[in-house]
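A structural walkthrough
Read off the chains here:
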Amino acid sequence: SNRATTGAEIEMMEIDINENEQIQAACGLVRRFAHEVLSRQKQYCDDLLVSCLQLIISLPSDCIDYDFADYVPAIQIALSIGLTYLPLAEQTINSLERWSQSTSLNLPNFYSQILPYLDDFLRLSYDQGDDANVRAVVSSLQEKTRLSSKGKRVLPTRM
């Protein structure tokens, strides 16, 4: 009986290791594909560009290379387009919030390159007219840039 348990435990360990290798292999494939998309994004426009940006910003932090610098231009473009297409801005802000919880990405090192693109959203609330939906999304974006449940990992805003 004791020996069967040990055998079962060894089998479970092998399954865990195999599953982990598969996860690592899948992440490797996603990373390579993401780099291909990033390297070609300048060739894209309109809906194709937005779709590619949505792919990039939807990546889990485990599937992002440790050199986050490669992703910054895509984030900047997504936030720029997000001024006229708010769902993309909201997805980008959510991803930044999610990625900021990963210590391996060192996101604070890139705030200086990303935060100026958030300034326009803070100004947008004064220029949006009577569109209640736009006001609601912008207000939500502003709150997300100011507040965080974690406290320490909040994206700072410049006023």
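Relevant structure appears above.
Residues numbered from 1 in each chain as written. Predicted model: local features only at pLDDT ≥ 70, side-chain atom pairs only at ≥ 80, totals over all residues. Heavy atoms only, no water.

To continue, consider the pattern of salt bridges. What the rule picks out here adds up to 1 salt bridge. Across the pair Arg40 and Glu36 runs a salt bridge, and its minimum N-O distance is 2.6 Å. Within this pair, Arg40 and its partner Glu36 are both found in helix α1 (residues 2–40), separated by 4 residues, close to a single helical turn. (Salt bridge = Lys/Arg side-chain N within 4 Å of Asp/Glu carboxyl O. Helix = DSSP H or I, 4+ residues; strand = E, 2+ residues; numbered from the N terminus.)

Moving on, we come to unusual backbone geometry. In this structure, Asp46 takes a positive phi of about 55° despite not being glycine. Position of Asp46 relative to the elements: it lies in helix α2 (residues 46–57). Accessibility expressed as a relative area gives 60% for Asp46, which makes it exposed. Positive phi, close to 50°, is recorded for Asn106, a residue that is not glycine. (Buried < 20%, exposed > 50% of the residue type's maximum accessible area, 1.4 Å probe, protein only.)

Here we come to helix α4 (residues 86–99). Because each turn of an α-helix spans 3.6 residues, side chains separated by three or four positions in sequence point in the same direction. Spanning 14 residues, α4 covers 20 Å between terminal C-alpha atoms, matching the ideal 20 Å at 1.5 Å per step. Listed in full, the buried residues belonging to α4 are Leu86, Leu88, Ala89, Thr92, Ile93, Ser95, Leu96 and Trp99. (Expected span 1.5 Å × (residues − 1).)

Packing of α2 against helix α3 (residues 72–82) brings their axes to within 10 Å, and their N-to-C directions diverge by 125°. It follows from the interaxial angle that α2 and α3 lie oblique. Like other packed secondary-structure pairs, α2 and α3 cross with a definite hand, here left-handed. Only Ala74, Ile77, Ala78 and Ile81 of α3 make contact with α2, whose side of the interface consists of Leu49, Val50, Leu53 and Ile56. Here the residues of the contact of α2 with α3 sort into 8 nonpolar, no polar and no charged. (Axes fitted to C-alpha atoms, helices over the stretch in contact; angles between N-to-C directions. Parallel < 35°, antiparallel > 145°, perpendicular 65-115°, else oblique. Left-handed = near helix turned anticlockwise from the far one by under 90°. Contact = heavy atoms within 4.5 Å. Nonpolar A, V, L, I, M, F, W, Y, C, P; charged D, E, K, R; others polar.)

For the rest of this paragraph, the subject is the packing of α3 against α4. Between α3 and α4, the shortest axis-to-axis distance is 7 Å and the interhelical angle comes to 140°. Where α3 crosses over α4, the two elements pack in a sense that is left-handed. For the pair formed by α3 and α4, the contact residues are Ile75, Ala78, Leu79, Ile81 and Gly82 on the first element and Leu86, Leu88, Ala89, Thr92, Ile93, Leu96 and Trp99 on the second. Here the residues of the contact of α3 with α4 are counted per class, giving 10 nonpolar, 2 polar and no charged.

Moving on: the nonpolar core. The nonpolar side chains of soluble globular proteins are, as a tendency, buried together. Core analysis: the biggest nonpolar cluster contains 34 residues, and Ile56, Phe68, Tyr71, Trp99 and Ile114 have the highest contact counts within it. Taken together, the elements giving at least two residues each to this core come down to α1, α2, α3, α4, α5 (111–114) and α6 (116–127). If sequence neighbours within four positions are ignored, Tyr71 has contacts with Ala34, His35, Leu38, Ile56, Leu59, Cys63, Ile64 and Asp65. (Core = buried A, V, L, I, M, F, W, Y, C linked by side-chain atoms within 4.5 Å.)

Moving on, we come to the side chain of Thr92. Mapped onto the elements of the fold, Thr92 is located in helix α4. Accessibility expressed as a relative area gives 1% for Thr92, which makes it buried. A distance of 2.7 Å separates the side chain of Thr92 from the backbone oxygen of Leu88, its partner in a polar contact. For Thr92, the residues in contact, after removing those within four places along its chain, are Ile57, Ile75, Ala78 and Leu79. (Polar contact = N/O pair within 3.5 Å; in protein donor to acceptor, adjacent residues only side chain to side chain.)

Okay, the environment of Ala26 next. Inspection of the secondary structure puts Ala26 in helix α1. Separated by 37 residues in sequence, Ala26 and Cys63 place their C-alpha atoms 8.6 Å apart.

Function cannot be read off these values alone, since they describe shape.
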